[in-house]
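# Observations on the three-dimensional arrangement
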Amino acid sequence: MQHGSGMLQGQSAAGRTNPPAAPAAHSDPRRPPSALDRASEAEGALVANIPSTSVARQSLPVFRHRTALLYLVEQHGVVVVVGQTGSGKTTQIPQFLAESGWAAEGRVIACTQPRRVAATSLAARVAHESGTRLGDEVGYAVRFEDCTHESRTRIKFATSGLLFRECLRDPLLSAYSVVMVDEAHERDAYTDLLLALLKKIRKQRPDLRVIISSATLDAESYAAYFGGAAILSIEGRTHPVSLAYTGAPAQDYVAAAVDAAWHMHNNAPAGDMLIFLTGRDEIDAALQMIADRAIGHASPPQLLALHANVDAATLAAVFAPAPTGTRKIVAATNVAEASVTIDGIRYVIDCGYTKLRQYDHVRDMDVLAVVPASQAASAQRAGRAGRTAPGHCIRLYPETAARAVPQSTAPELVRCDVAPFVLQLLALGVTNIARFDFVPPAPSAHMLAGALEYLAALQAIDDKGCLTLLGERLAEAPLDPMLARALLAAVDEGCADEMLTIAAMTTVATPFIQSKGAAGVAAEISRRKFVATEGDHLTLLNVYRAFVDPKIGKQSPQWAQKYSLSYAALRRAMSIRTQLEKYLVRRWRLPVTSSDDATKIRRCLVAGFFRHAARALPDGSYVSARGGATLHAHPSSVFSSRRPESGWVVYHEVLHTAKSYMRDVCAIEQDWLVEMAPHYYEVTKK
Ligand code: CDP
Ligand code: MG
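Residues numbered from 1 in each chain as written. Chains lettered and ligands numbered in written order. Predicted model: local features only at pLDDT ≥ 70, side-chain atom pairs only at ≥ 80, totals over all residues. Heavy atoms only, no water.

When the UniProt feature table is mapped to this numbering, "domain: Helicase C-terminal" (unreviewed entry) covers residues 257-429. Across residues 257-429, helical content stands at 36% and strand content at 24%; the span's end C-alpha atoms are separated by 49 Å. (UniProt positions renumbered as here; feature names shortened; annotations may be inferred. Helix = DSSP H or I, 4+ residues; strand = E, 2+ residues; numbered from the N terminus.)

Sheet faces and side chains relate simply in a regular strand, where the side chains alternate between the two faces. Most of strand S2 (residues 108-113) is tucked away, with six of its six residues classed as buried. As defined by bridge partners, S2 adjoins strand S6 (residues 176-181) across five bridges and the pair is classed as parallel. Each bridged residue has a counterpart across the sheet, and for Val-108 the counterpart in S6 is Tyr-176. (Buried < 20%, exposed > 50% of the residue type's maximum accessible area, 1.4 Å probe, protein only. Pairing = 2+ DSSP bridges.)

A separate point is the nonpolar core. By size, the foremost hydrophobic cluster in this structure holds 119 residues, and its most contacted members are Ile-212, Leu-455, Met-499, Leu-565, Leu-584, Phe-610 and Leu-673. Built from parts of two domains, this core gets at least three residues from each of domain 1 (5-234) and domain 3 (478-508 + 531-548 + 569-674). Sequence-distant contacts of Leu-673, that is, excluding residues within four places in its chain, are made with Val-606, Phe-610, Ala-613, Trp-648, Val-650, Ile-668, Pro-678 and Tyr-681. Core analysis: the second largest hydrophobic core is formed by 80 residues, Leu-60, Ile-283, Val-348 and Cys-393 among them. (Core = buried A, V, L, I, M, F, W, Y, C linked by side-chain atoms within 4.5 Å. Domains from an automatic or database assignment. Contact = heavy atoms within 4.5 Å.)

Quick look at the site of ligand 1 now. Around ligand 1, a shell composed of 15 residues is seen, among which Gly-86, Lys-89, Thr-90, Thr-91 and Asp-343 lie nearest. A distance of 2.6 Å separates an oxygen atom of ligand 1 from a polar atom in the side chain of Thr-91. Bound to the protein, ligand 1 loses 94% of the 540 Å² it would expose on its own. If you list the elements that add at least two residues to the shell around ligand 1, you get helix H5 (89-99) and helix H6 (116-129). With three residues, H5 is the single largest residue contributor to the shell around ligand 1. Its residues placed into classes, the shell around ligand 1 shows three nonpolar, eight polar and four charged. Residue-level mapping places the shell around ligand 1 at the junction of two domains, with at least three residues from each of domain 1 (5-234) and domain 2 (241-412). (Near = heavy atom within 4 Å. Polar contact = N/O pair within 3.5 Å; in protein donor to acceptor, adjacent residues only side chain to side chain. Areas by Shrake-Rupley, 256 points an atom, 1.4 Å probe, with all protein chains shown as cover. Nonpolar A, V, L, I, M, F, W, Y, C, P; charged D, E, K, R; others polar.)

All right, on to the sheet that holds strand S16 (residues 391-395) then. The strands that make up a sheet are held in pairs by hydrogen bonds between backbone atoms, and each pair lies either parallel or antiparallel. Judged by pairing direction, the sheet is parallel, and its six strands sit side by side in the order S9-S16-S13-S10-S12-S11 without closing on themselves. Since the sheet does not close on itself, it has two edges, and those belong to strand S9 (241-245) and strand S11 (302-306), each with one partner. The mean inter-strand angle of the sheet, taken between neighbouring strand axes irrespective of direction, is 20 degrees. Relative to strand S12 (residues 328-332), strand S10 (residues 272-276) runs parallel, the two sharing four bridges. Note on S12: the bridge partner recorded for Ile-275 is Ala-331. (Axes fitted to C-alpha atoms, helices over the stretch in contact; angles between N-to-C directions.)

This part is about the environment of Ala-519. Relative to the assigned elements, Ala-519 resides in helix H21 (residues 517-526). Judged by relative accessible area, Ala-519 falls into the partly exposed class, the value being 48%. Taking the C-alpha atoms as reference points, Ala-519 and Thr-120, 399 residues apart in sequence, are found 33 Å from one another.

Turning next to the domain arrangement of the chain. With domains assigned, the chain is organised as domain 1 (5-234), domain 2 (241-412) and domain 3 (478-508 + 531-548 + 569-674). The partner domain 2 presents 17 residues to the 17 residues of domain 1 that form the contact. Of the roughly 1,300 Å² buried between domain 1 and domain 2, counting both surfaces, carbon and sulfur atoms make up 58%. It is Thr-85, Arg-115 and Val-117 in domain 1 that bury the most area against domain 2; as a group they hold 40% of the surface buried on that side. Viewed at the interface, domain 2 and domain 1 are joined by zero salt bridges. In this structure, the connection of domain 1 to domain 2 is made through five residue pairs in polar contact (both at pLDDT 80 or more). (Buried area = accessible area lost by both parts, 1.4 Å probe. Salt bridge = Lys/Arg side-chain N within 4 Å of Asp/Glu carboxyl O.)

Set out below in structure tokens:
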């Protein structure tokens, strides 16, 4: 076994391996004082504040591996930790490290998560366990939200994307002593890229420790990638979960999930329930349907949503125990699959689908598609029912279908367009992308070439393949390159003020609250006054302007409520707008001027979104400019009920469910496409 002498395979109940005598290496006088030495000095407030003596913490499987883990981290640059979800990896390991001195002398322990809602909720949990205020010694940093203290934060939860981007400012990640890359099995692009950077950084900073952890993981292949790593596996502690399948695939899995949930609520013994659906709309619809059925019921369940955009109060309620005698029903996206653990779940209902971003060869772009969940994902979902007691999982599809889906999901870097990631790598000074040491499998040469071609059309790189000044800014902006490009075009056109608002409003989850029935119709009518015939972007601009107008919306929650607008979303848009404005004004010293000319604004959107262009057909559908695929305006779009006068549109993204829907659509002139993106449309129209 070449992967280091620290190979430790699970100290299971059978006690296969004894923990190594921890301070074995102390006699070497050349060695700097170790974390274990420092542990005995008991320094820092954190040690006092986070006792690992609490009974709840000690009962987690990871606790029994504390000494072994600290020893391995001490001795090896890279440690792979494998252990089932709920064994305490994410919440405990950073605390063990802090307690033993890895956060001494102003250093920081980072723990990365693929999803922002996981980063924020786990930070809150660890702060709570440590008896400290969130944002003090334990904090989090996600895009547009930094909840850390400049000098006091010792444990920092962050999205993998955020930490990756920190390398732009601090290429050696010098603030950190340990980076724990969590949920590595997720294989999201930024987690993979961060691992690749950490491998490079460690060549120059051998003192930096890397912990790779996940629920299910090919530990050996990571060890091989890093040229050797210690492996620690933590035994699982799960109870049996019985599985039930439906006879035929559900026609409408949201309705089927509601039926199953309601049946279980009325017939199954006590225990909380987790329903896996693919997105916010489905979750809201399902919870509404269950709430309707629960009217007048003797013991109505507590209904909660868990997805990327829930507010902090809902998040807290999801993790808190339900009121005594009440069953908690949580409807969640796959964030509940592995990233976070909700205690007390005994019943799982799995719709069998997941929402995935993937490259569509016909349209030559990424599409958000609802696809069958992989076997690995389904197993994870079912497992959530058996954490504290035997559980039960209902799968809303036949058993034959379960065997037909892929074993696991392809890594994001081979599944999606890599242009945004190539842009980031170029900004980090990686010149030969084709030879970059990706965590295998690397993106194909074809996909990399396509990404470079697109970045050239975006004017982010010149004909030698070098990053332009514009490209540097696109990489630095905390926005998708398309939106960043539109914003920088708006600076030149003199409408940056408007585009800042549009960028902020399209970044937050929709401000429009969807309600059903009469209330929904009333809301729809009241909001009509904001509708701009040019499309969704200008409609969002109207909404924002009215909200902040001192004579109209006055930034008041009552006004928002009157028009069924989410006050939280509008406030968040204000905050994001302020941060984006700082980039333009303070960082890049660019002028922010305002223009009432809607044409200018729409032309700037074309400068960013030219790749996403489509032509309207007489029957109300659309055809994509590239690839000739059929598209439809999303029901939430202005163009679901009207046709763009000019006949052409650009849009932010495509959501593929039963049909392919365009979201955030803006009417444009066809000529602008050739004018704004000559390379792109010349190349494709040959
Ligand atoms: O990372 P891993 O899946 O191994 O476990 P974890 O996220 O560290 O969670 C360990 C335990 O902490 C869970 O099993 C829950 O009992 C508890 N926990 C909680 O109650 N509330 C949270 N917000 C997070 C964790
Ligand atoms: Mg975890």
